[in-house]
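Each chain, letter by letter, is given below.
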Amino acid sequence: MLYSLLLSVLLVTFVIIVESYIKRVRRESIEADTEDLIDQYTSKVKKGMNKNEAISKLLENENIKKDYSKHELDFQIVSEIGDKKITELNDDFDWELPPSSKEADNLISECADKVKKGQDLHEAIDELYKHQEVQKYYDRMDLFYIVDELSGFVWKRK
């Protein structure tokens, strides 16, 4: 009786561990497939495909749609490419920013000024995102676009 109970507990524990492992492997596989697909479209954009068309195609994938916003995909492709002609944000780029507050806008302006004066963009965003008022209104990735645009850091238009 005691042996069968112990055996049952061990069997259940084993099943739970195996199931957890299978879920983790499946999730890692989906993440790898997602990254591969993003890399494929980034390569296509490098070869001349329209960036917005590539983003639209990527967002047709359910896993990508669930894990990435249009802005995050755009930022990832732009960061990867490095060619100023391709990486410029298009004039028709669809900004979908929430309403803001005066305090958050002031903090963002101060952050952009720091970047203009030479502070690293990522450090400035990390510092900016510590403010609760900014977190209330802005996604971290949106802040990269906003501060970058205000400071003229990467995608400075001619």
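Refer to the structure presented above.
Cut-offs applied
Residues numbered from 1 in each chain as written. Predicted model: local features only at pLDDT ≥ 70, side-chain atom pairs only at ≥ 80, totals over all residues. Heavy atoms only, no water. Helix = DSSP H or I, 4+ residues; strand = E, 2+ residues; numbered from the N terminus. Expected span 1.5 Å × (residues − 1). Buried < 20%, exposed > 50% of the residue type's maximum accessible area, 1.4 Å probe, protein only. Contact = heavy atoms within 4.5 Å. Salt bridge = Lys/Arg side-chain N within 4 Å of Asp/Glu carboxyl O. Arc of directions from axis to C-beta. Core = buried A, V, L, I, M, F, W, Y, C linked by side-chain atoms within 4.5 Å. Patch = residues over 30% accessible without salt bridge, like charges linked within 9 Å, V, L, I, M, F, W, Y side chains within 5 Å. Areas by Shrake-Rupley, 256 points an atom, 1.4 Å probe, with all protein chains shown as cover. Lys, Arg positive; Asp, Glu negative; His and termini not counted. Charge placed at Lys NZ, Arg CZ, Asp CG, Glu CD. Axes fitted to C-alpha atoms, helices over the stretch in contact; angles between N-to-C directions. Parallel < 35°, antiparallel > 145°, perpendicular 65-115°, else oblique. Left-handed = near helix turned anticlockwise from the far one by under 90°. Phe/Tyr/Trp six-rings, centres within 6.5 Å; stacked < 30°, edge-to-face > 60°. Lys NZ or Arg CZ within 6 Å of the ring centre and 35° of its normal.

Draft legend 1. Focus on helix 9 (residues 140–151). For helix 9, which comprises 12 residues, the first-to-last C-alpha distance of 17 Å matches the rise-based estimate of 16 Å (1.5 Å per residue) to within 8%. Burial analysis of helix 9 places nine of its 12 residues in the buried class, which makes it a mostly covered element. For helix 9, the set of buried residues is Met-141, Asp-142, Leu-143, Phe-144, Tyr-145, Ile-146, Val-147, Asp-148 and Ser-151. Close packing links the buried residues of helix 9 with helix 4 (70–81), helix 6 (102–116), helix 7 (121–128) and helix 8 (132–137).

Draft legend 2. Summary view of the pattern of salt bridges. In this structure the tally under the stated criterion is four salt bridges. A salt bridge links Lys-23 to Glu-19; the nearest nitrogen and oxygen atoms lie 3.8 Å apart. One end of the pair is Lys-23 and the other is Glu-19, both in helix 1 (residues 2–46) and four residues apart, which spans about a single turn. Judged by its relative accessible area of 45%, Glu-19 falls in the partly exposed class. Measuring nitrogen to oxygen at the nearest pair gives 3.1 Å for the salt bridge that ties Glu-133 to Lys-136. Taken as a pair, Glu-133 and Lys-136 lie in helix 8 at a separation of three residues, close to a single helical turn.

Draft legend 3. Structural view of helix 7. By the burial criterion, the buried members of helix 7 are Leu-121, Ala-124, Ile-125 and Leu-128. All buried residues of helix 7 lie within an arc of 100° about the axis, which places them on one face of the element. Lining the buried residues of helix 7 we find helix 6, helix 8 and helix 9.

Draft legend 4. Layout of the environment of Glu-149. Mapped onto the secondary structure, Glu-149 falls in helix 9. It is 8.5 Å that separates the C-alpha atoms of Glu-149 and Ala-112, two residues lying 37 residues apart in sequence.

Draft legend 5. Broad picture of the nonpolar core. By size, the foremost hydrophobic cluster in this structure holds 19 residues, and its most contacted members are Ile-108, Leu-128, Val-134, Tyr-138, Leu-143 and Val-147. Among the elements of the structure, helix 6, helix 7 and helix 9 are those that each provide at least two residues to this core. Once residues within four sequence positions are removed from consideration, Val-134 is found in contact with Ala-104, Leu-107, Leu-128, Tyr-129 and Leu-143. Counting 11 residues, the second-largest nonpolar core is a separate cluster that includes Ile-38, Tyr-41, Tyr-68 and Leu-73.

Draft legend 6. Examining a negative patch on the surface more closely. A grouping of Asp-33, Glu-35, Asp-36, Asp-39 and Glu-80 is seen on the molecular surface, where their side chains present a negatively charged patch. No other element matches the four residues that helix 1 contributes to the negative patch. Within the secondary structure, Glu-80 sits in helix 4.

Draft legend 7. Main features of the packing of helix 6 against helix 7. In contact at an axis separation of 9 Å, helix 6 and helix 7 are set at 160° when each is read in the N-to-C sense. With respect to helix 7, the axis of helix 6 lies roughly antiparallel. In the packing of helix 6 onto helix 7, the handedness of the crossing is right-handed. Seen from helix 6, the contacting residues are Leu-107, Ile-108, Cys-111, Lys-114 and Val-115; seen from helix 7, they are Leu-121, Ala-124, Ile-125, Glu-127 and Leu-128.

Draft legend 8. Structural context of the packing of aromatic side chains. Following the criterion strictly, the structure yields zero aromatic pairs and no others. Above the face of the Tyr-41 ring, Lys-44 is positioned so that its terminal group lies 4.6 Å from the ring centre.

Function cannot be read off these values alone, since they describe shape.
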